[in-house]
Amino acid sequence: MSREKQVSYQITNTYSVLNRFTEKTKNVWLVCHGIGYLSRYFIRHFNHLDVDENYIIAPQAQSKYYLKSDYRHVGASWLTRENLEAEIDNVLNYLDEVFMEENLAEVPNLIVLGYSQGVSVATRYLAQRKINCAQLILHSGKVPAELTAKDFAFLKDTKVTYLYGTKDEYLKKGIIEVEEPRLKSLFPYNFELQTYDGGHEFNTDIIEKLS
């Protein structure tokens, strides 16, 4: 009879940064990409922000795969439901290292953003590590079902924005009808919902306004 066993080992992973952290920096962004991205491509969505005032850090999901059958373009996924608890631990431990490497506990104005699958990554990280931030931006994704209002009670001074496209093929009307009241209960303080006319794509215009 077959059975699964488990080992622990150390791995090395990259992450991407945009601009430089200087005395002029006003905002430090920790941005979690969606499924199918590499961080060095996802971070381009922030090229329009003021170079001097914004320093952007984009962690990289560990699981890489070829996006199409021609085996040319590579994307990545944060995790799947397979061995979920262990995979969540792996992701959080990796984010801990990025957090410490960039000394994010000491930055002046931390903005955490999750896009698509990155919403689940960002919210799990904040909830489990109790990371305070000035803003939390949830873009076109869902907060994991296991998280409750108690997990986010420490964010009462954090501005929370949820934004999505009204034509998003992954967020059907029924999902939003359920998710919107849940989000308001998860984040009863400083919560704002914003929509735009579009599908499942990153909205740079709203992000610039939020910056």
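Predicted model, so just to flag it, every value in this text is computed and none were measured. (Residues numbered from 1 in each chain as written. Predicted model: local features only at pLDDT ≥ 70, side-chain atom pairs only at ≥ 80, totals over all residues. Heavy atoms only, no water.)

If you tally the helices and strands in the protein chain, you get five helices and nine strands. From first element to last, N terminus to C terminus, the protein chain shows the α and β order β-β-α-β-β-β-α-β-α-β-β-α-β-α. For the protein chain, the C-alpha radius of gyration of 17 Å lies close to 17 Å, the compact-globule estimate for 211 residues. Evaluated residue by residue, the protein chain yields a buried proportion of 46% over its 211 residues. Pairs at least 24 apart in sequence give 73% of the contacts found in the protein chain among residues at least 6 apart. Counting only carbon and sulfur atoms, one obtains 47% of the accessible surface of the protein chain, whose full area is about 12100 Å². (Helix = DSSP H or I, 4+ residues; strand = E, 2+ residues; numbered from the N terminus. Rg over C-alpha atoms; globule rule 2.2 N^0.38 Å. Buried < 20%, exposed > 50% of the residue type's maximum accessible area, 1.4 Å probe, protein only. Contact = heavy atoms within 4.5 Å. Areas by Shrake-Rupley, 256 points an atom, 1.4 Å probe, with all protein chains shown as cover.)

Here we come to the side chain of S77. Along the chain, S77 falls in strand β5 (residues 74-77). Within the local environment of S77, its side chain forms a polar contact with the backbone oxygen of L79, the two atoms lying 3.4 Å apart. Polar side-chain contacts of S77 include one of 3.4 Å to the side chain of Q117. For S77, the residues in contact, after removing those within four places along its chain, are I35, A61, Q62, S63, Y65 and Q117. (Polar contact = N/O pair within 3.5 Å; in protein donor to acceptor, adjacent residues only side chain to side chain.)

Let's shift gears to the side chain of T25. Tracing the backbone through its elements, the reader meets T25 in the loop between β1 (15-18) and β2 (27-32). Among the residues examined, T25 registers a relative accessible area of 8% and is labelled buried. Separated by 3.5 Å, the side chain of T25 and the backbone oxygen of R20 make a polar contact. Within polar-contact distance, the side chain of T25 engages the backbone nitrogen of T22 at 2.9 Å. Discounting residues that sit within four places of it in the chain, T25 has contacts with R20, D52, E53, Y55 and P108.

Counting across every chain of the model gives six salt bridges. Across the pair K26 and E53 runs a salt bridge whose closest N-O atoms are separated by 3.3 Å. Pair noted here: K26 is in the loop between β1 and β2 and E53 is in the loop between α1 (39-42) and β3 (54-59), with a separation of 27 residues, a long-range link. A relative accessible area of 28% places E53 in the partly exposed class. Taking the shortest distance from any N to any O, the salt bridge between D96 and R129 comes out at 2.9 Å. Here D96 is found in helix α2 (residues 84-101), whereas its partner R129 is found in helix α3 (residues 117-129), with 33 residues between them in sequence. (Salt bridge = Lys/Arg side-chain N within 4 Å of Asp/Glu carboxyl O.)

Turning next to the pairing of β1. Here β1 shows a buried face lined by S16 and L18 and an unburied face lined by Y15 and V17. With four bridges joining them, β1 and β3 adopt antiparallel strand pairing. The residue bridging V17 from the neighbouring strand is I57, located in β3. (Pairing = 2+ DSSP bridges.)

This paragraph deals with the packing of aromatic side chains. Across all of its chains, the model carries 13 aromatic pairs by this definition. Where Y37 meets F42, the ring centres are 5.1 Å apart and the plane angle is 70°; that geometry is what we call edge-to-face. What makes F42 buried here is its relative accessible area of 0%. Each ring, one from Y37 and one from Y115, has its centre 6.2 Å from the other, and the planes form 75°; the classification is edge-to-face. Taken together, the residues Y37 in the loop between β2 and α1 and Y115 in strand β6 (residues 110-115) connect sequence positions 78 residues apart. (Phe/Tyr/Trp six-rings, centres within 6.5 Å; stacked < 30°, edge-to-face > 60°.)

Distances and angles like these do not, on their own, reveal function.
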